[in-house]
Amino acid sequence: MKPAGLYPDEANLVLSTVSPPLEQRRGGDAPPSARLVYGGQPPQLAEPIQGQDIAQDQELTSFHENTAQAEMTRRLLGAPPTAVQISFLNLKMQVPSGAGGVCKGNKEYQTILKEVSGYFPAGKFTAIMGASGAGKTTLLNAVAGEAAGGQLSGQVLVNGGSVDSTTMRKLRAFVFQDDVMLGTMTVREVINMSARLRLPPEMPIEEKLQRVDQVIEILHLERCAETIMGYAGERGGISGGERKRTGIAIELITNPSVVFLDEPTSGLDTYTAHSVCSTLKQLALAGRTVVATIHQPSSDIFHMFDNLTILAHGSILYQGEARASLAYFAEKGLPCPEDVNPADHIFMRILNDQDAETVEQRQAAAVRVENLLKDYKSSSRYQEVEVQARVKGVQMQGQALGGSASVATQMSVLCKRAFSNMLRNKLLLRAKLGQSIFMALLVGLIFRDLKLTQQSIQDRTGAMFFVSVNVTFSATFGVLSAFGNERTVFERERSVGMYTTLAYFCSKILVELPMNIIFPFIQGTIAYWLIGFQPFVGKWLVWCINFVLLNNVGTAFGITIACTFKSLEVTLAVAPLFILPLMLFSGFFVSSTGIPVYFDWIKHISPMKYSFAAFMINEYSDLELHCGDDEWVAQANCPRVMVNGAPAMADGKPVFEKCFCPVTDGEQVLDMMGFTNDEWDMKMWDNTGMLVVLYFGFLTLSFILLHRLVSSREAERAKLLKS
């Protein structure tokens, strides 16, 4: 019996016979060779080439290995809940072309998919191929419910019936081209997290852990299961192939009926790419529907495909069994030469013309592709696909497909991950501690040993304002890049239903809160005593409380900015525009009473205003000042200067001795700065209370904005499935 799906269709090809020794060794059961010789005549018989027996042995061995692995997959995970055929009818995708002016009504669109129809059969490994820009990834995303950012029309059916976005995401797994995972986790921890959050809540934890072990065994990840993953492009961690298989494992843990993969072999060497595709072949043999975009597969990988969909210029040029594709194109006068990778032949001779040098030759190649597109549309194969795409099967809508973990479980898992991520990222911890100490020493050495003279007023006030601005800027910009990069992981995991936005947001804030208290406390303490503010424990504690609160408000404000824009580059560019007005109206540059009425509202949302006011009131209350020898000033009530027993005159005016000290206590400074000087403690704690209000206000706004970003993307992805 011949292993179906690995060799050309004998009904469509004239095949050479197998050499007698090999046939005798296999008892006549080996599949014949698919070597073809083409010329101007129909395919003729070819003599067995040297090494053909070895190639056949390798192909047959690969088939038996895949079958054995598929049986192991069935044994460990069981068959998928339901055999699923995915069909798509008249899919059309348009994206803004960037032309047409600024006005939305004049926006022009470029068509990426041109009303394509087809299906991905159950239990088959289907490859989507095509040149760059042909629409491979767009088709995959549209069918899987991941398309966004354009106008999408058409219909996607599961076993002949319509489904909503929730059902589709529970049926399928989607492995993205870029592997977005936290590099501080081990392979087992990543898969275990997916199991705890995505498997049904009623499933016992022991069974979930057993499922994790099964998936690790299926995907051959035993050797790296306890290895820290690391980040792509950095030294250490797991290899690229292991990252790809880990990405598949995260999705396979739910035992999906359908697996979509975007460029699973991208960036991998030949052996690793073959290993990944072999795993996909085993999943298909185990009953799952596997669909992957493949850019340029090797010959061995090409022969793993059961079905093939070839795209050109946004339309389908061929769809059907992969083994029959060469015969199909041979009938069109484009035979595949001997010893040429079929995929290379498709890319270099059919979709393009590598020998085209002149404009006329390139135009002829383009005309050939257009003719092939027309031939496919008028072929009986196209009609069969249209009929097969509408075949009814077991309907999926409304079936019990599992559920999500409870919010408590989500927060528990996420808190544990965030805490481990923080502890394992030792470089980041050292950097934060070093930054806190460095900034404290910098401020302290600049303003150190403050005196109680008139000159110290400017230094003292400047030190407190500098601290307010520096802490706000450092906390805000420190979180922009970190949270912007982490948000990518959140959006990816949130899109597959691992957890809710609320669980992620609360766990992040709770885990990072201790560090956001400890480091600012250390920085504030060093700065306070090194600068030389009032040496009282009570004053120091009030300073530290406001210092820590300001740091956390700055962090919350940074998260708010990061959640406002989708692009990290845009976020970093516009962040100063948000912070500078808050600094300008903080009460240092412009007195609180001198702010124009149309800008007066800004000071009420400025954390620098409240922290600066709290610092000022805390420091200048009960502070006695004096004048240095050169700081006394003359005044009319001072004794007059006498010269030779007569009052001194200058320009016809009397001259007085310097007996007056302009500022003798801190309350005068507060009056000059525009701060109210009644009920010091009440006013100081009012400012502290406003920092608390701003902290929770910015966090609430951050959550709303983050939820809006996620919801808007999910709404865009669900448009097609709701139509």
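Heads up: these notes are all about the structure in this document. (Residues numbered from 1 in each chain as written. Predicted model: local features only at pLDDT ≥ 70, side-chain atom pairs only at ≥ 80, totals over all residues. Heavy atoms only, no water.)

Turning our attention to unusual backbone geometry. Phi angles above zero are rare outside glycine, and Glu-115 is one such case at about 50 degrees. Here Glu-115 is to be found in strand 2 (residues 109-120). Although it is not a glycine, Asn-255 sits at a positive phi angle of roughly 55 degrees. Note on placement: Asn-255 falls in the loop between helix 7 (240-252) and strand 7 (258-262). Exposure remark for Asn-255: the relative accessible area of 9% places this residue in the buried category. (Helix = DSSP H or I, 4+ residues; strand = E, 2+ residues; numbered from the N terminus. Buried < 20%, exposed > 50% of the residue type's maximum accessible area, 1.4 Å probe, protein only.)

A few words on the pattern of salt bridges. A side chain with one charge may pair with a side chain of the opposite charge, provided their charged atoms come close. Summed over the entire model, instances satisfying the criterion amount to 13 salt bridges. Salt-bridge contacts for Lys-281 lead to Asp-306; the nearest nitrogen and oxygen are separated by 2.5 Å. On the criterion of sequence distance, the pair formed by Lys-281 in helix 8 (residues 270-285) and Asp-306 in the loop between helix 9 (299-302) and strand 9 (307-312) is long-range, its members being 25 residues apart. Taking the relative accessible area as the measure of exposure, Asp-306 reaches 11% and is therefore buried. Linked by salt bridges that have partners in common, Arg-188, Asp-213 and Glu-226 make up one network. (Salt bridge = Lys/Arg side-chain N within 4 Å of Asp/Glu carboxyl O.)

All right, on to the sheet that holds strand 10 (residues 315-321) then. In spatial order, the strands read 6-7-8-3-9-10; together these six strands make up an open sheet with mixed pairing. The two strands at the open ends of the sheet, each matched to only one other strand, are strand 6 (172-175) and strand 10. Within the sheet, the average angular offset between the axes of one strand and its neighbour, ignoring direction, is 15 degrees. In this structure, strand 9 lies alongside strand 10, joined through six bridges in antiparallel fashion. Across the sheet, the residue bridging to Asn-307 is Glu-321, located in strand 10. Where helix 7 meets the sheet, it contacts strand 6 and strand 7, and its direction lies at approximately 160 degrees from that of strand 6. (Pairing = 2+ DSSP bridges. Axes fitted to C-alpha atoms, helices over the stretch in contact; angles between N-to-C directions. Contact = heavy atoms within 4.5 Å.)

With that settled, the discussion passes to the nonpolar core. Ile-86, Phe-260, Phe-305, Leu-308 and Leu-317 are the most contacted members of the largest nonpolar core, which has 174 residues in total. Of all the elements, helix 18 (residues 537-564) adds the most residues to this core, at 14 residues. Each residue touching Leu-308, except ones within four places of it in the same chain, is listed here: Ala-127, Met-129, Phe-302, Tyr-318, Gln-319, Gly-320, Glu-321, Ala-322, Ser-325 and Ile-346. Membership of the second largest hydrophobic core comes to five residues, among which are Met-422, Leu-429, Val-511 and Phe-519. (Core = buried A, V, L, I, M, F, W, Y, C linked by side-chain atoms within 4.5 Å.)

Further remarks concern helix 8. Between the first and last C-alpha of helix 8 there are 22 Å, a value that for 16 residues agrees with the 22 Å anticipated at 1.5 Å per step. Turning to helix 8, its buried residues are Thr-272, Ala-273, Val-276, Cys-277, Ser-278, Thr-279, Leu-280, Lys-281, Gln-282, Leu-283 and Ala-284. A side-chain oxygen of the first residue of helix 8 lies 3.1 Å from the backbone nitrogen of Tyr-271; this N-cap is Asp-269. Looking one or two places after helix 8, you find Gly-287, whose phi comes out positive at around 110 degrees. (Expected span 1.5 Å × (residues − 1). Polar contact = N/O pair within 3.5 Å; in protein donor to acceptor, adjacent residues only side chain to side chain.)

So, on to a nonpolar patch on the surface. A contiguous nonpolar patch, built from Val-597, Tyr-598, Phe-599, Trp-601 and Ile-605 and spanning about 590 Å² of accessible area, is present on the exposed surface. For Val-597, the location among the structural elements is in the loop between helix 19 (568-584) and helix 20 (607-620). Residue Val-597 is classed as exposed on the basis of its relative accessible area of 72%. (Patch = residues over 30% accessible without salt bridge, like charges linked within 9 Å, V, L, I, M, F, W, Y side chains within 5 Å. Areas by Shrake-Rupley, 256 points an atom, 1.4 Å probe, with all protein chains shown as cover.)

Counting buried positions along strand 3 (residues 125-130) gives six out of six residues, so the element sits mostly inside the fold. The side-chain alternation of strand 3 yields two buried faces, one formed by Phe-125, Ala-127 and Met-129 and the other by Thr-126, Ile-128 and Gly-130. Pairing of strand 3 with strand 8 (residues 289-293) involves four bridges; the strand directions are parallel. Within strand 8, the position partnered with Phe-125 by the bridge is Val-290. Bridging between strand 3 and strand 9 involves five bridges; their strand directions are parallel. Across the sheet, the residue bridging to Ile-128 is Thr-309, located in strand 9.

Where helix 16 (residues 455-495) contacts helix 18, the two axes come as close as 7 Å, and the packing angle between them is 40 degrees. With respect to each other, helix 16 and helix 18 are oriented oblique. Crossing handedness for the pair helix 16 and helix 18: right-handed. Touching Met-464, Val-467, Ser-468, Val-471, Thr-472, Ala-475, Thr-476, Val-479, Leu-480, Phe-483 and Arg-487 of helix 16 are Trp-543, Phe-547, Leu-550, Asn-551, Gly-554, Thr-555, Phe-557, Gly-558, Ile-559, Ile-561, Ala-562 and Cys-563, all from helix 18. A breakdown of the residues in the contact of helix 16 with helix 18 according to their chemical character gives 15 nonpolar, seven polar and one charged. (Parallel < 35°, antiparallel > 145°, perpendicular 65-115°, else oblique. Left-handed = near helix turned anticlockwise from the far one by under 90°. Nonpolar A, V, L, I, M, F, W, Y, C, P; charged D, E, K, R; others polar.)

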